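This is what each chain is made of:
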Amino acid sequence: MAAGKLLVYLLRRDLRASDNPILHHLATASDHGYTHLLPIYVFPSRQIEISGFLEAGEESPYPQARSRVGRYWRCGPHRARFIAQSVWDLKDGLQGLGSGLSIRVGDFKDVLAHLIHGFKDSSTSVAAVWMTQELSPEEVAEQDAVAAVCSGNQVDFKLWPDEKYFIDDLDTGLSEPKDLPDVFTTYRKLREPLRERPRKVLPRPGKSSLPPLPSEASIPPQHRPFGVPDTLDDLEARLLRPLDALLSHPPEFPDGARSAHPFRGGETRARQRLCHLVESGAMTAYKDTRNGLLGEDFSTKLSAYLALGCISARQIHQELLKFEDGKDEAYRGADGYGQGENDGTAAVRLELLWRDYMRLCTAKFGSKLFRLSGFTHAQGGGHKKWMTADETTADPDQERSPEEILKILQRFQNGTTGMGLIDASQRELFLTGYTSSRARQNSASFLSKHLSIDWRYGAEWYEMMLTDYDVSSNWANWQYMAGVGNDPRGDARIFNPVKQAFDYDKEGSYVRTWVPELKGLEKPENVFQAWTTNSTRLETCGLADNVMVTDPVKRIEFTVDRKPKGSRRPFWRRRGQGRGARRGGGGSHGQAGSTSAEGPDGSGAHPRPGSGAGNRSGHGSRRHEPRGGAGPSDNYRAAPVYFVNGNGYTAGDWHGGHDARGRGNYGHFRRGECWYGQREGFQPTYVPVLVYYHPPPNMGPGVLE
Ligand SMILES: Cc1cc2nc3c(=O)[nH]c(=O)nc-3n(C[C@H](O)[C@H](O)[C@H](O)COP(=O)(O)OP(=O)(O)OC[C@H]3O[C@@H](n4cnc5c(N)ncnc54)[C@H](O)[C@@H]3O)c2cc1C
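Note that the structure is predicted; figures quoted are calculated from it, not measured.

*Asks:* Before we go on, may I ask you to explain the overall build of the protein in this structure?
*Replies:* When helices and strands are counted, the protein shows 23 helices and nine strands. Taking all 705 residues of the protein together, 52% fall into the buried category.

Now the structure itself:
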């Protein structure tokens, strides 16, 4: 009979040794009862294509890891590489602590079943499996499948709460997911002051404080027909091998362009990046710079590390605290050192709360995250007609044929729509795996609202291309921008990508960087829409026959005012039908060109005079942000912990009654915030002829309201 009790820790998006509840518990609790620990990272076959790991001549038993609507690879090259680096960094880190990490590929349940079976004859058998809980449907299914394997093999199973968020689940003030308010602002008010919310970080386990690995000889190898490599280079190569032909006409990396996200994956790099941001003053400047488009430091670029759990939000918060409280000499040289929270650090905390909120939406809405009609379907909305490239599901009355939509999608993806800001963003995304929040918002709005294309194509494309892809942040933001999610302004918020380009890329540097064909154009308005350039100039620049000029996917009439006002370049936009309408024969394309505008507060849409389609219902009526939320709870509740003991899998509650960690009531509830007293929603003003827009305040997800 086996003497050793082995604990298997299956890692997913908790790729860090510091502030890791499971490792912390194992390093500090004397009574956990396990003689050995085997941390394992599984490259899951559903989400990452693993055919590159097949032994020669073998076939994969798993379907290809492709998305449902667009059939794209679910994990593209940028993220695949970043994950590999992160896993390898953790492996090195754990080895440094006297432990280690095994890498496997396949389906979680197969990996686990093979492992349990393989250990059966060893002196150490698998006694328990622990994982960090995730809330998204696919990950929940993984957990359930693992639990079932454990149950069938008399192995204990336990889910630990995911603590990489800003506010722990214990402290959200929500009794259950459905209590989440449907408007972010309501949730934010419920949780302010944010600086007081996060729990303390957990220290990194000390050297040799973790239970040892089982002997190498006893660890069963990767199950057939796959093999796992033993170098990072080989790991990366095998992940990238199947990912060819992402696009039929991919953009080329422009001369002189530099990635805004040149970072390698891993906990070590995440830590370095965080320290750099505080030390350099980038955190202090964040509020002023975050709408930037070019460069490394206009925003934190911590998203990919956060998504994989290489760093937790509360580690970021802790570093900000040290700076704000003047507690770390390394940060002394940075602006604002020791002077408390500033606009920049407060804005970073707010963004981290957005991230929490998107995840809580997933907990609340479950698989509706992926539904075309979005969350709003649940609230009676989501009746918009979307255009699709899928002949089998396309509406017979669809304005453009599925074939045309497919072509438009390809031009969106390879950055040749003719809409400069969108094209630059899409090429940057394709070539670097990153594009700024501002650019993402515009691209998502463009695809879903200007082109009325099924927004899930965009969400899936981003899932493939983003290094920082996170299921909740991606899909809920796409819903938000498509007007089917938790944006109280819904369909009324339409970004005008030309106006946005004037606001955020004044001289057109960003667009010129990523769309080098446009470098010869002097005027920003031409850079933002090349078709507006006169024919002589087009000839000179070799653009006369370029598809961005001859057949832009969308034309927006937009004229720059001659008289500059203040430091900003004001502009007016001609009303009435745009060329898009003439070209496209009206309908949604034409309308969007001329109706799209941001209201005086930079958010709403104006009904369009004389269009016949200027739909005032829903725009003209005052909108009230719905109330929601359960309000702060009186009692401290403990983390949701899920157990399976031998033969029973107990699905825990959102807040189960088990205080697993005994870290006390650090994040106790505070009463008194008037979370229900929302300001009222935007009421658009009807302005008939000429509109001067003020610079828009930051609106939408990821920016201050
Ligand atoms: C269509 C669309 C898709 C998106 N997909 C993702 C995604 O897959 N993964 C992802 O992490 N973010 C996503 N975002 C949110 C946001 O664009 C990125 O988090 C941000 O651009 C990452 O850069 P950063 O780390 O420099 O952000 P910063 O501006 O420095 O913000 C700090 C952190 O706050 C969080 N954050 C900021 N804005 C948001 C937001 N709107 N929603 C959720 N979290 C936010 C991120 O973790 C980010 O790292 C998406 C936004 C849009 C509009």
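*Asks:* How should the pairing of strand 4 (residues 124-132) be read in this particular structure?
*Replies:* The two faces of a sheet get side chains in turn, since along a regular strand they alternate between them. Of all nine residues that make up strand 4, seven are buried, and the element is covered over most of its length. Relative to strand 4, strand 1 (residues 4-11) is paired through seven bridges, and the arrangement is parallel. Bridge assignment links Leu10 to a residue of strand 4, and that residue is Met131. Pairing of strand 4 with strand 5 (residues 156-160) involves five bridges; the strand directions are parallel. Counted as the bridge partner of Met131 is Leu159 from strand 5. Running through helix 4 (residues 137-152), the crossover from strand 4 to the neighbouring parallel element strand 5 is right-handed.

*Asks:* Looking at this structure, I do not really get helix 8 (residues 282-289). What am I missing?
*Replies:* One turn of an α-helix holds 3.6 residues; hence residues three or four places apart share an orientation. Where helix 8 is concerned, the buried positions are Ala282, Met283, Thr284 and Tyr286. In the core, the buried residues of helix 8 are packed alongside helix 7 (267-279), helix 10 (313-324) and helix 11 (343-365).

*Asks:* What exactly am I supposed to notice about the packing of helix 11 against helix 16 (residues 471-482) here?
*Replies:* Think of two packed helices as two axes; the pair is described by the angle between the axes and how far apart they sit. Between helix 11 and helix 16, the shortest axis-to-axis distance is 8 Å and the interhelical angle comes to 85 degrees. On the basis of their axis angle, the class for helix 11 and helix 16 is roughly perpendicular. Contacts from Arg355, Met358, Arg359, Cys361 and Thr362 in helix 11 reach Val471, Ser472, Ser473, Ala476 and Asn477 in helix 16.

*Asks:* Would you mind showing me how to read the UniProt feature "binding site: FAD" (unreviewed entry) in the protein here?
*Replies:* Here, the residues flagged by UniProt with the feature "binding site: FAD" (unreviewed entry) are Tyr286, Ser299, Thr300, Lys301, Leu302, Ser303, Asp468, Tyr469 and Asp470. Secondary-structure assignment places Tyr286 in helix 8. Residue classification places Tyr286 among the buried residues on the basis of 22 C-beta atoms within 10 Å. Those residues in contact with Tyr286 that lie beyond four places of it in its chain are Ser299, Gly344, Ala347 and Val348. Take Asp468: there are 21 C-beta atoms within 10 Å of it, and that puts it in the buried class.

*Asks:* Sorry if this is basic, but what is going on with the UniProt feature "domain: Photolyase/cryptochrome alpha/beta" (unreviewed entry) in the protein here?
*Replies:* Those residues carrying the UniProt feature "domain: Photolyase/cryptochrome alpha/beta" (unreviewed entry) are residues 5-165 in this numbering. For residues 5-165, helix accounts for 35% and strand for 22%, while the C-alpha atoms at its two ends are 31 Å apart.

*Asks:* Even after reading the chapter, I still don't get the environment of Arg104, so can you show me in this structure?
*Replies:* Of note, Arg104 is situated in strand 3 (residues 102-106). What makes Arg104 buried here is the crowd of 24 C-beta atoms within 10 Å. Taking the C-alpha atoms as reference, Arg104 lies 19 Å from Gln133; in sequence the two are 29 residues apart. Discounting residues that sit within four places of it in the chain, Arg104 has contacts with Ile40, Val42, Val111, Gln222 and Val228.

*Asks:* How should the environment of Ser373 be read in this particular structure?
*Replies:* With respect to the element layout, Ser373 can be found in the loop between helix 11 and helix 12 (402-414). Among the residues examined, Ser373 registers 15 C-beta atoms within 10 Å and is labelled partly exposed. C-alpha of Ser373 to C-alpha of Tyr72: the two residues are 301 residues apart in sequence and 21 Å apart in space.

*Asks:* Help me out: how do you make sense of the packing of helix 10 against helix 11 in this one?
*Replies:* One can describe the packing of helix 10 onto helix 11 by two numbers: an axis separation of 11 Å at closest approach and a directional angle of 170 degrees. Between helix 10 and helix 11, the angle is such that the two are roughly antiparallel. Read as a crossing pair, helix 10 and helix 11 show a hand that is left-handed. When helix 10 is examined against helix 11, the residues Ala313, Ile316, His317, Leu320 and Glu324 are found in contact with a partner set consisting of Thr345, Val348, Arg349, Leu352 and Arg355.

*Asks:* Please explain unusual backbone geometry as it appears in this structure.
*Replies:* Trans peptide bonds make up the majority, and among non-glycine residues the majority have a negative phi. In this structure, Pro193 follows Glu192 across a cis peptide bond, with omega equal to 0 degrees. Of note, Pro193 is situated in the loop between helix 5 (184-191) and helix 6 (232-240). For the bond from Arg224 to Pro225, the omega torsion is 5 degrees, close enough to zero to count as cis. Mapped onto the elements of the fold, Pro225 is located in the loop between helix 5 and helix 6. Positioned with a positive phi, Arg71 is a non-glycine residue whose angle comes to about 60 degrees.

*Asks:* Could you clarify how one ought to interpret the nonpolar core in this entry?
*Replies:* Inside soluble globular proteins, nonpolar side chains tend to come together where they are buried. Residues Val8, Leu10, Val129, Val146, Ile453 and Val511 are the most contacted members of the largest nonpolar core, which totals 160 residues. The biggest single contributor to this core is helix 11, with ten residues.

*Asks:* I'm lost on the confidence of the model for the protein in this one. Help?
*Replies:* Overall, the prediction assigns the protein a mean pLDDT of 83, with 78% of residues at 70 or greater. Of all the helices and strands in the protein, helix 23 (residues 587-595) carries the lowest mean pLDDT, 30, while helix 9 (residues 303-307) carries the highest, 99. Throughout residues 562-705 the model reports pLDDT below 50, and contacts reaching past four residues in sequence, or to other chains, amount to 279 contacts.

*Asks:* Explain helix 17 (residues 497-504) here, please?
*Replies:* Of all eight residues making up helix 17, six are buried, and the element is well covered by its neighbours. Three or more residues of helix 17 are buried, namely Pro497, Val498, Lys499, Gln500, Ala501 and Phe502.

*Asks:* Looking at this model, I keep getting lost on the environment of Met481. Mind explaining?
*Replies:* Within the secondary structure, Met481 sits in helix 16. With 28 C-beta atoms counted inside 10 Å, the residue Met481 sits in the buried group. On a C-alpha basis, the gap between Met481 and Ser448 in space is 7.6 Å, while along the polypeptide they are 33 residues apart.

Rules used in this analysis
Residues numbered from 1 in each chain as written. Predicted model: local features only at pLDDT ≥ 70, side-chain atom pairs only at ≥ 80, totals over all residues. Helix = DSSP H or I, 4+ residues; strand = E, 2+ residues; numbered from the N terminus. Buried ≥ 20, exposed ≤ 12 C-beta atoms within 10 Å, placed from the backbone. Pairing = 2+ DSSP bridges. Right-handed = clockwise from strand over helix to strand, strands pointing away. Contact = placed C-beta atoms within 7 Å. Axes fitted to C-alpha atoms, helices over the stretch in contact; angles between N-to-C directions. Parallel < 35°, antiparallel > 145°, perpendicular 65-115°, else oblique. UniProt positions renumbered as here; feature names shortened; annotations may be inferred. Left-handed = near helix turned anticlockwise from the far one by under 90°. Core = buried A, V, L, I, M, F, W, Y, C linked by C-beta atoms within 7 Å. pLDDT = per-residue confidence, 0-100.

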